[in-house]
Amino acid sequence: MTDQSPPGAPWHPPVEVKQGSLAFATISLLRAAPRSVWIVMAILLVLGLGMDLVARQMGVPLDGPQFTPPTWIYLTALAVMTSSVVAIALHILLTGQGPRRLDAGVIGFVVWTATVTLMANGLMSVIQTTPTAPPAELLPRFALAAIGGLGGAIVLTRLMLLPMAWLVNDPGATLAGSWGRMRGHLVAYIVASLLLSLPVAMIGLLAVGAAGGAAAEVTPGARIAAQLMATAMATLSAALNAVMYLRLVGLPLGRREVPD
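Residues numbered from 1 in each chain as written. Predicted model: local features only at pLDDT ≥ 70, side-chain atom pairs only at ≥ 80, totals over all residues. Heavy atoms only, no water.

**Here's the deal with the overall build of the protein**
Per the secondary structure count, the protein includes nine helices and zero strands. Listed by position from the N terminus, the elements making up the protein come as α-α-α-α-α-α-α-α-α. Taken over 260 residues, the protein has a buried fraction of 41%. Accessible area of the protein: about 13700 Å², with a carbon and sulfur share of 71%. (Helix = DSSP H or I, 4+ residues; strand = E, 2+ residues; numbered from the N terminus. Buried < 20%, exposed > 50% of the residue type's maximum accessible area, 1.4 Å probe, protein only. Areas by Shrake-Rupley, 256 points an atom, 1.4 Å probe, with all protein chains shown as cover.)

Encoded structure:
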């Protein structure tokens, strides 16, 4: 799971990224990724576990379907932390090195992805609490879940190249440009995402259950298993997004002299 470039040579994505299925290209990119990507994702795992431990010690409710204000504070901090670490990993996958400074592009990417994560959390909370909601709220909740889930996924996927262009400071990044480049690639991206994430989710859920995740009080082993699953999913998602960018946009401007 490390790059095969000669010592001292600039890293560049393997040729398999530009051909074949998206899922296969994603695995190929991760197999050839610089070692620093794995270090960054290990840091994400440790930080996630640390934040979970601190939140539980402070009495923040994390396991219920109803999100309280302290839960939202925790989820916001977690989303910002995760987005920041993923930004570093994605930057490495696209350029071979992490961001050199905290500029507007990096901040824009973090704000975008953290906001999307919080929106997904809010939608999940609505879905989870729907069975116990009053009858008058059922139709609006189902409508919100359908429109927000399906419509939001389509729109955000069509715009996914935009925050990545901000991250690597590629000029000419526009909503229309991202929307247009993703035309015809939406279904392939969703299928690849499912092919990559479902096995991880299934193994992760089995591991969480085996470690006591179904108990009234979640065990430390279950929390570690859940964080491992979340980190693996984040790694696969970052790599898949990098493959889409490399295929539809190309190497970031500063790296396009490197053969791909």
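Further notes follow.
**Here we look at the packing of aromatic side chains**
For the coordinates displayed, the defined rule picks out one aromatic pair. Geometrically, the ring pair formed by W112 and W166 is edge-to-face, given 5.6 Å between the ring centres and 80° between the ring planes. Linking W112 in helix α4 (residues 104–129) with W166 in helix α6 (residues 161–167), this pair joins segments that are 54 residues apart in sequence. (Phe/Tyr/Trp six-rings, centres within 6.5 Å; stacked < 30°, edge-to-face > 60°.)

**Description of the side chain of T157**
Tracing the backbone through its elements, the reader meets T157 in helix α5 (residues 135–158). According to the relative accessible area criterion, T157 is buried, its value standing at 11%. Excluding residues that lie within four positions of it along the chain, T157 makes contacts with M182, L186 and Y189. (Contact = heavy atoms within 4.5 Å.)

**Some points on the packing of helix α1 (residues 22–31) against helix α8 (residues 186–210)**
It is the contact of α1 with α8, at a shortest axis distance of 8 Å, that shows an interaxial angle of 60°. When the interaxial angle is binned, α1 and α8 end up oblique. For the pair α1 and α8, contact is made by L22, A23, T26 and I27 and by A188, Y189, A192, L195 and L196, respectively. (Axes fitted to C-alpha atoms, helices over the stretch in contact; angles between N-to-C directions. Parallel < 35°, antiparallel > 145°, perpendicular 65-115°, else oblique.)

**Some words on the pattern of salt bridges**
On inspection of all chains with the given rule, the structure shows two salt bridges. A salt bridge links D52 to R56; the nearest nitrogen and oxygen atoms lie 2.9 Å apart. Of this pair, D52 and R56 both sit in helix α2 (residues 35–57), separated by four residues, roughly a single helical turn. We classify D52 as buried; its relative accessible area is 13%. Given a relative accessible area of 25%, R56 falls into the partly exposed group. R223 serves as the salt-bridge partner of D52, at 3.1 Å between the closest nitrogen and oxygen. (Salt bridge = Lys/Arg side-chain N within 4 Å of Asp/Glu carboxyl O.)

**Points about the environment of G98**
When you line up the elements, G98 lands in the loop between α3 (69–95) and α4. With relative accessibility at 23%, the residue G98 sits in the partly exposed group.

**Quick look at the environment of M229**
Topologically, M229 is positioned in helix α9 (residues 220–248). Judged by relative accessible area, which is 19%, M229 ranks as buried. Sequence separation between M229 and G204 is 25 residues, and the spatial gap between their C-alpha atoms is 5.2 Å.

**Quick notes on α3**
With 27 residues, α3 ought to run about 39 Å at 1.5 Å a step, and its terminal C-alpha atoms sit 39 Å apart, in line with that. At the exit of α3 stands G96, carrying a positive phi of roughly 90°. (Expected span 1.5 Å × (residues − 1).)

**Thoughts on α1**
The buried count for α1 comes to seven of 10 residues, which makes it a mostly enclosed element. Within α1 the residues assigned to the buried category are L22, A23, A25, T26, S28, L29 and L30. Buried residues along α1 sit against α2, α3, α8 and α9.

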